[in-house]
Amino acid sequence: MKWFFFFLLLFTTTRLASALEVTGIAQSLLPDSIMELKDDELNMYKERASQGNTSAADALSAFYLKKGEDFYSAGVSWAIKSAKDGSPQGMINAGVCYYDGLGVDKNHQVAAQFFLQALESGHNRVLNALAYMYATGDGIPRDEAKALACAEKAVAAGLPHALPTLAYMHAKGIGTPVDTAKAKKLLREELSRNPAHGNTYNTLAVIISQESDDHWQESAPLFQKAVDLGCTSAYLPLAHAYWKGKGVEMDLERAAAYMQKAVEAEDGNAYAYMAEMYLNGEGVPQNPEMAEKLYRDAIAHNAEDSYSYYSLAELLSEKPTSTSHAAEIEELMKQSAKLGNLAAMEYLVHEYAQSNGLLPQNLALYARWCCAAADKGATWALLPAVALYEHDCAPDQDGSKAIKFCKLAVERNVYGATGCLAAIYAEGKLTPQDLKKAEELYRQTIRLFPSLTPAYAQLAQCMLHRSSDRATLKEAFELLKTGAEQGDTTAYLLLSKAYEDGWAFEGDSQLPPDKEKARIYAEQAEKASASAPVE
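Another point: the overall build of the protein. Within the protein, the secondary structure is distributed over 30 helices and two strands. Relative to the 2.2 N^0.38 estimate, which gives 24 Å for 535 residues, the radius of gyration of the protein is 34 Å and therefore markedly larger than a compact globule would have. Based on the C-alpha atoms only, the size of the protein along its principal axes is roughly 120 × 50 × 45 Å. Across the 535 residues that make up the protein, the buried fraction comes to 50%. Relative to all contacts within the protein whose residues are 6 or more apart in sequence, the contacts with residues 24 or more apart total 49%. Just so you have it, the protein exposes about 25200 Å², and 49% of that area is on carbon and sulfur atoms. For the protein, the distance from the average position of its 50 positive side-chain charges to the average position of its 70 negative side-chain charges is 4 Å.

Have a look at this one:
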């Protein structure tokens, strides 16, 4: 991938934000021991449950949920009945069913309500799950204070997974300042109590790997340990470690093998990475067709993955038959751009500006995506967006954005940005006119970019608007001569006017009007204009 430095951000924000599924906390809410019921026992339990015995209903629910997918509908039915009859365990079982989609469509909002009812009924086993749900806004309004409170109560109650949950809060700064040292301490404490819990190794490794590339020496073995203990979430970072040689010796074949395991585990982030490996033949035979399939799988698993839309569009655009895919490429790039991918925005801006590109020329869409990219701080888009505002072609008429974009370009030392900002202050269209500020910026432009030809005439014009005393006229004339030496049309025109109106200089002497020299400079301006490229 072109921007691997986003790996850790992608990994942690997606994987830790889905920690309920990663660590299996929802499933862990089911009873620790589940009875095996024979046919005659089943009938007895069903009769008791039908009469309102919640213990029987809870047992039936757990029994059917344990038996597997074909029995989930029965399991959720008994869980809901038990919950309605007031059983906290029934509420928990029903919540698990709705959270994981066991016998019903997934509905995390409904799951959250069942978990909250169980907590109100005095069953603190749901604290861990609610901590994550409050922390991530998963099925319940995000509330960091409640998330931290639930996590701390879970630890105090000695619940399974409670220490990793609290560690997550400290690692992400949820309800408390970020404290990775404390997070790591809590995770290591958990491992001293439960050394066979692979997900805890994985979470600890993620936190350590975020600190710097050097820390992969410590985190890579932890990811390996997590994998050895059955944590499927660790396949992806371990694959990345072998892919990039982070903390381990680079081994592309091993990287591809672990990445394939992550795909098989339906890790939504793994599909695009596996596609990249097939596209470049890294650890696997090069196979663009397989890469295309995996990018499509990545999108199917995560409709918010802007990179996969972009990568698939890029792959299609490189095919010999790219013209037949133009409509799909455009839609993929648009979707990626809507999700904030600056590379997709740049592609669309480039294509819509051309009359002979893969996509039809569309200046309105050019303006839309150029300004959107500038809004996100893309350096390449800042000055083009300013030009759109100056010519009333921007999607909105918010002149303050043009000023903001131009100032940002100045901060980043973009070629010509100071001159652009100077012109805005000189014209007074997008902001109140300020000739003094404009003059300062034009002088700064010439200092920074002495070869930026138009700046000399622009500074001269700004000075002449502000004053017409002899010193100003002389300095302006000298600036125009420099601009003319560099072939600037405006400088030629103003020199023609200087000779015609009698404010040309030779040394310190102001010359009388000279119509012949005025004519010569006018002709040079005409020639320069005729030879200038058409924009």
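Here we take up the environment of Asp501. Summarising the element assignment, Asp501 is placed in helix α29 (residues 489-501). Between the alpha carbons of Asp501 and Lys515 there is a distance of 8.8 Å; along the sequence they are 14 residues apart.

Turning next to the side chain of Ser219. Counting through the fold element by element, Ser219 comes out in helix α14 (residues 216-228). When neighbours within four sequence positions are excluded, Ser219 is seen to be in contact with Ala205, Ile208 and Ser209.

This paragraph deals with helix α15 (residues 235-244). Most of α15 sits out of view: nine of its 10 residues are buried. Remark: Gly245 follows α15 within two positions and exhibits a positive phi of approximately 65 degrees.

Further remarks concern the pattern of salt bridges. Scanning the entire structure with this criterion turns up 22 salt bridges. One salt bridge in this structure joins Glu218 and Arg188, with 2.7 Å as the shortest N-O distance. Taken as a pair, Glu218 in helix α14 and Arg188 in helix α12 (residues 180-193) lie far apart in primary sequence, 30 residues in all. Since its relative accessible area comes to 37%, Glu218 is described here as partly exposed. The partner of Lys404 in a salt bridge is Asp375, and the shortest N-O contact between them spans 4.0 Å. Taken together, the positions of Lys404 in helix α24 (residues 399-411) and Asp375 in helix α22 (residues 363-375) put the pair 29 residues apart, joining distant regions of the chain. Through salt bridges with shared partners, a single ionic network connects Glu292, Arg296, Lys319 and Glu328.

The description of an aromatic ring pair rests on the distance of the ring centres and on the angle between the ring planes. Scanning the entire structure with this criterion turns up 14 aromatic pairs. Among the aromatic residues, those joined into a cluster by ring pairs are Phe477, Tyr492, Tyr499, Phe505 and Tyr521. When the ring centre of Phe71 is taken as origin, the NZ or CZ atom of Lys67, which lies over that ring, is 4.6 Å away.

So, about the environment of Gly122. Along the chain, Gly122 falls in the loop between α8 (108-120) and α9 (127-136). Residue classification places Gly122 among the exposed residues on the basis of a relative accessible area of 64%. Separated by 381 residues in the primary sequence, Gly122 and Trp503 place their C-alpha atoms 92 Å from one another.

Take the nonpolar core next. With 169 residues, the main nonpolar core has Met169, Met259 and Met274 as its most contacted residues. Residue contacts for Met169: discarding those within four places in its chain leaves Ala131, Tyr132, Ala135, Ala147, Leu148, Ala151, Ile174 and Thr176. The next biggest cluster of nonpolar side chains, apart from the first, holds 10 residues, and it includes Tyr45, Ala49, Ala59 and Tyr64.

The interhelical angle for the contact between helix α21 (residues 342-353) and α22, taken along N-to-C directions, is 150 degrees, at an axis separation of 8 Å. Judged on the interaxial angle alone, α22 and α21 are roughly antiparallel. Two packed elements cross with a definite hand, and for α21 against α22 that hand is left-handed. Mapping the contact onto sequence places Leu342, Met345, Leu348, Val349, Tyr352 and Ala353 in α21 and Leu363, Leu365, Tyr366, Trp369, Cys370, Ala372 and Ala373 in α22.

Its place among the elements puts Asn280 in helix α17 (residues 270-280). Judged by its relative accessible area of 40%, Asn280 is partly exposed. Spatially, the C-alpha atom of Asn280 lies 9.1 Å from that of Ala291, the residues being 11 residues apart in sequence. A distance of 3.5 Å separates the side chain of Asn280 from the side chain of Glu282, its partner in a polar contact.

This paragraph deals with unusual backbone geometry. Even without a glycine there, the phi angle at Glu266 is positive, about 60 degrees. Residue classification places Glu266 among the exposed positions, given a relative accessible area of 56%.

Reading the values: rules and limits
- Throughout this document, residue positions are counted from 1 along each chain, in the order its sequence is written.
- This being a predicted model, a pLDDT of at least 70 is required before a residue's local features are given, and a value of 80 or more before pairs of side-chain atoms are given or counted; all residues contribute to the totals for chains, interfaces and linings.
- Side-chain numbers here rest on the full set of heavy atoms in the structure, without hydrogens or water.
- For the purposes of this entry, the term helix denotes a DSSP run of H or I that reaches at least four residues, the term strand denotes a run of E that reaches at least two, and both are numbered from the N terminus.
- The size measure is the radius of gyration over C-alpha atoms, and the globule rule it meets is 2.2 Å times the number of residues to the 0.38 power.
- Buried means the residue's accessible area, taken with a 1.4 Å probe over protein chains only, is under 20% of the maximum for its type, while exposed means over 50%, and partly exposed covers the values in between.
- Contacts were defined at the residue level, with two residues in contact if any of their heavy atoms lie within 4.5 Å.
- For the area figures, the Shrake-Rupley method with a 1.4 Å probe applies, and any residue is considered shielded solely by the protein chains shown.
- Counting rule applied: Lys, Arg positive; Asp, Glu negative; His and chain ends not counted.
- By convention, charge coordinates are those of NZ in Lys, CZ in Arg, CG in Asp, or CD in Glu.
- A pair is scored as a salt bridge if a Lys or Arg side-chain nitrogen falls within 4 Å of a carboxyl oxygen belonging to Asp or Glu.
- Only centres within 6.5 Å qualify two rings of Phe, Tyr or Trp (six-membered ring in Trp) as a pair; their planes then separate them into stacked at under 30 degrees, edge-to-face at over 60, and tilted for everything else.
- In our convention, an over-ring charge means Lys NZ or Arg CZ found within 6 Å of a ring centre and within 35 degrees of that ring's normal.
- In these notes, a set of buried Ala, Val, Leu, Ile, Met, Phe, Trp, Tyr and Cys residues joined through side-chain atoms within 4.5 Å is what counts as a nonpolar core.
- Fitted lines through C-alpha atoms serve as axes, helices being fitted only where they are in contact, and the angles separating the N-to-C directions of these axes extend from 0 to 180 degrees.
- By the definition adopted for this analysis, an angle is roughly parallel if under 35 degrees, roughly antiparallel if over 145, roughly perpendicular if from 65 to 115, and oblique otherwise.
- Whether a crossing is left-handed or right-handed is set by the direction in which the near helix is turned from the far one by less than a right angle, anticlockwise for left-handed and clockwise for right-handed.
- Each polar contact in these results corresponds to two N or O atoms within 3.5 Å; when the atoms are within protein, one needs to be able to donate a hydrogen and the other to accept it, and residues that are neighboring in sequence are counted only if both atoms are side-chain atoms.

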